[in-house]
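Listed below are the residues making up each chain.
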Amino acid sequence: QNPKTSAIVKQLVAEGNAGELQKYFGSRMEFGTAGLRAAMGAGISHMNDLTIIQTTQGFCRYLEKNFSDLKKRGVVIGFDARAHLSSGGSSKRFARLAANTFISQGVPVYLFSDITPTPFVPYTVTHLKLCAGIMVTASHNPKQDNGYKVYWENGAQIISPHDKGISQAIEENQEPWPQAWDDKLIDSSLLLHDPYATVNKEYFKDIQKQCFHRNINKETNLKFVHTSVHGVGHKFVQLAFKAFDLSPPFAVPEQKDPDPEFPTVKYPNPEEGKGVLTLSFALAEKDGAKIILANDPDADRLAVAEKQESGEWKVFSGNELGALLGWWIFTCWKNNNRDTCAIKDVYMLSSTVSSKILRAIALKEGFHFEETLTGFKWMGNRAKQLMDQGKAVLFAFEEAIGYMCCPAVLDKDGVSAAVITAEMASYLATRNLSLSQQLKAVYDEYGFHITKASYFICHDPKVIQQLFDNLRNFDGKNTYPKSCGRFKVSGIRDLTTGYDSSQPDQKAILPTSKSSQMITFTFANGGVATMRTSGTEPKIKYYSELCAPPGNSDVEQLKKELDELVNALEKHFFQPEKNNLQRKTE
């Protein structure tokens, strides 16, 4: 019943454009553990009013089956600022249609009345003890995209088998229910609640438990620039600084207000490097700020840059900031916990493609480190399991600039990460140390961990399948490569098939998934490289790391060795020319 998408389809039918209609209606968007992520537009392969109604009807039926008290507890729904004029879709409209679906079935809905960071949804699920949460966002994807991200009652993103159960329920509930389109009905419903004011108050109260140096914060001369890259983060990072008694950061004026067109950047993704930070650098130079904090548009990720003595700007990788935050959060914990026995219940987590620096810190300091599969859905669920056993999960991170610094949110949170980074930098400034200098000190103490990650773009699933099949049948059937150029392979773990050469029974310990590709190679020189497909983008990603024991300070030699390993990986395993892969460009 959306006049815009309806008109698009009618026009294509009138033109007899079977090719486009096939694209729109050939296959339904797949509902996975990341929920939905697709372009906004007409047809069942896109995000639009109809597909949101169908998805929510399925999700509602699935929750009814799983929770006898759903009508007492309810769900929370949040949304970012995305909008798509040509199809009439927007995050707010999708959120209201989803709310209408639940309310029509007598389920209470806590619908945020305004845009909110993604982490506020998992926070609300936990804080109000709800059955589930939905966040309508496409995070840092291109402007035409939108998404539908789902949280379970434990406050973490869903994992299998919920994705399959919800997917099946969507298939069974495709015809819109009688009042599905009339979202105005919710405004007069007693089942509609607005958690905005409560959550804003409680969230900023909760993150203050991670504030350890209020006096330093009040007096620091360090200046910060913040950009929300046309997303939702501006107001919330300002409030976080206030909660920590820090002077507010300078906001990049051209990027501080939400704008679904993202006019000043090619991609609204701070992970893509210096291009996204051009305006931040200019403002920092003008105002004399040393540190830049950049959130992605839904404020669940954080990038950090620091001005070096040379005048150059260093943008920290996700692994480098993970090392700094891990060191900082453990140091704060240690200073506040004199009981040496308590350390046996302390945990930190990171994903398997992230740097193993936390493992090195844990080994030396005596706390526990665990790795999980890629993505915060795994770290959030594991953190909750550990917390339920009475353990303290201090920190979790992934190299894709995602950090969980506060146990009140079981997902990555760019708001708390921004203010905790600011407090860390302010504290280090009192010791005349920069973030870069402290990073070197961490590596000096726990061993250098040099990492390099990138990706190739490939829009043809057959090519991707062939590339990974070749690696599994490298020297004849069922044989993996024994070397990569001059680098000897000493171990292989394939989390698509479940093979791990390092285990006595050759079975991988981490869960396997046949639907995604992921192979990790360990090399005789101590290097590790993982190749995997992305769950949300047409990319084949790779992650590589070279770890040295403490005392090996020849960083340049380590970097050179890793560069050569990566070049060999690209040449022999990716074969970009043969496979017609497109390289990442700045």
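These numbers come from a predicted model, not from an experiment. (Residues numbered from 1 in each chain as written. Predicted model: local features only at pLDDT ≥ 70, side-chain atom pairs only at ≥ 80, totals over all residues. Heavy atoms only, no water.)

J.: Just checking my understanding: could you explain the pairing of strand S14 (residues 346-351) for this structure?
T.: Taken residue by residue, a regular strand's side chains alternate between the two faces of the sheet. Within S14, six of the six residues are buried, which leaves the element mostly enclosed by the surrounding structure. Because side chains alternate across S14, one face comprises the buried residues Val346, Met348 and Ser350, and the other comprises Tyr347, Leu349 and Ser351, equally buried. Across five bridges, S14 lies against strand S15 (residues 368-372) in parallel orientation. Opposite Met348, over in S15, you have Phe369 as the bridge partner. With respect to chirality, the unit in which S14 leads through helix H13 (residues 357-365) into the neighbouring parallel S15 is right-handed. (Buried < 20%, exposed > 50% of the residue type's maximum accessible area, 1.4 Å probe, protein only. Helix = DSSP H or I, 4+ residues; strand = E, 2+ residues; numbered from the N terminus. Pairing = 2+ DSSP bridges. Right-handed = clockwise from strand over helix to strand, strands pointing away.)

J.: What is the right way to read the UniProt feature "domain: Alpha-D-phosphohexomutase alpha/beta/alpha" (unreviewed entry) in the chain from this model?
T.: Residues annotated in UniProt with the feature "domain: Alpha-D-phosphohexomutase alpha/beta/alpha" (unreviewed entry) correspond here to residues 29-175, 201-307 and 318-446. Annotated as residues 29-175, this span is 37% helix and 19% strand, and its ends, taken at the C-alpha atoms, are 16 Å apart. (UniProt positions renumbered as here; feature names shortened; annotations may be inferred.)

J.: I'm lost on the packing of aromatic side chains in this one. Help?
T.: Where two aromatic rings form a pair, the distance of their centres and the angle of their planes describe that pair. A full pass over the atoms with the stated rule returns 24 aromatic pairs. Relative to Tyr196, the ring of Phe112 lies with its centre 6.4 Å away and its plane at 80°, an arrangement referred to as edge-to-face. Separated by 84 residues along the polypeptide, Phe112 in the loop between strand S5 (109-111) and helix H6 (120-127) and Tyr196 in helix H8 (residues 196-207) bring together distant segments of the chain. The pair Phe112 / Tyr196 is uniform in exposure class, with both members buried. Between Tyr480 and Tyr499 the ring centres are 5.3 Å apart and the planes differ by 5°, which places this aromatic pair in the stacked class. One end of the pair, Tyr480, is in the loop between helix H17 (461-472) and strand S19 (483-484); the other, Tyr499, is in strand S21 (residues 499-500), and 19 residues separate them in sequence. Accessibility expressed as a relative area gives 14% for Tyr480, which makes it buried. A connected cluster of aromatic rings, assembled from ring pairs, spans Phe120, Tyr123, Tyr203, Phe204 and Phe236. Over the aromatic face of Tyr455 sits the side chain of Lys539, whose NZ or CZ is 4.0 Å from the ring centroid. (Phe/Tyr/Trp six-rings, centres within 6.5 Å; stacked < 30°, edge-to-face > 60°. Lys NZ or Arg CZ within 6 Å of the ring centre and 35° of its normal.)

J.: Explain the sheet that holds S14 here, please?
T.: The strands making up a sheet associate through hydrogen bonds between their backbones, and the pairing can be parallel or antiparallel. Overall, mixed pairing links the four strands, which are arranged S15-S14-S16-S17 in an open sheet. Each end of this open sheet is capped by a strand with a single partner; those strands are S15 and strand S17 (402-404). On average, each strand axis in the sheet is tilted by 15° relative to the strand beside it, whichever way the strands run. In the sheet, S14 pairs with strand S16 (residues 392-398) via five bridges, with the strands oriented parallel. Of the residues in S16, the one forming a bridge with Met348 is Phe395. The strands touched by H13 are S14, S15 and S16; relative to S15, the strand with the most contacts, the crossing angle is about 160°. (Axes fitted to C-alpha atoms, helices over the stretch in contact; angles between N-to-C directions. Contact = heavy atoms within 4.5 Å.)

J.: Would you take a moment to explain the pairing of strand S22 (residues 518-523) for this structure?
T.: With respect to burial, S22 is a largely interior element, five of its six residues being buried. Taken together, the five bridges between strand S20 (residues 487-494) and S22 define a ladder with antiparallel strand orientation. From the neighbouring strand, Asp494 faces S22, where its bridge partner is Ile519. Sheet analysis places S22 next to strand S23 (residues 527-533), joined by five bridges and oriented antiparallel. Counted as the bridge partner of Thr522 is Val528 from S23. Hairpin geometry of S22 and S23 is characterised by an intervening segment of three residues between the two adjacent antiparallel strands and by a positive phi of about 95° at Gly526.

J.: Before we go on, may I ask you to explain the nonpolar core in this structure?
T.: Nonpolar side chains in soluble globular proteins tend to be buried together. Among the nonpolar cores identified, the biggest contains 162 residues, and Phe59, Phe102, Phe395, Tyr403 and Met531 are the most heavily contacted of them. With sequence-adjacent residues up to four places away left out, Phe59 is seen in contact with Phe102, Ala132, Ile134, Tyr148, Val150, Trp152 and Ile166. Residues Leu349, Leu386, Ala396 and Leu410 belong to the second largest nonpolar core, which totals 10 residues. (Core = buried A, V, L, I, M, F, W, Y, C linked by side-chain atoms within 4.5 Å.)

J.: Where do I start with the pattern of salt bridges in this structure?
T.: Pairing between side chains becomes possible if they bear opposite charge and their charged atoms approach one another. Overall, the coordinates contain 38 salt bridges when judged by the stated rule. The partner of Lys23 in a salt bridge is Glu20, with the nearest N and O atoms 2.9 Å apart. Here Glu20 and Lys23 lie together in helix H2 (residues 18-25), a separation of three residues that amounts to about one turn. A relative accessible area of 24% means that Glu20 is categorised as partly exposed. Residue Arg486 pairs with Glu561 through a salt bridge whose shortest N-O separation is 3.3 Å. Of this pair, Arg486 sits in the loop between S19 and S20 while Glu561 sits in helix H18 (residues 555-574), and the two are 75 residues apart along the sequence. Residue Glu561 is classed as buried on the basis of its relative accessible area, which comes to 19%. Linked by salt bridges that have partners in common, Asp49, Arg93, Arg96, Asp183 and Asp187 make up one network. (Salt bridge = Lys/Arg side-chain N within 4 Å of Asp/Glu carboxyl O.)

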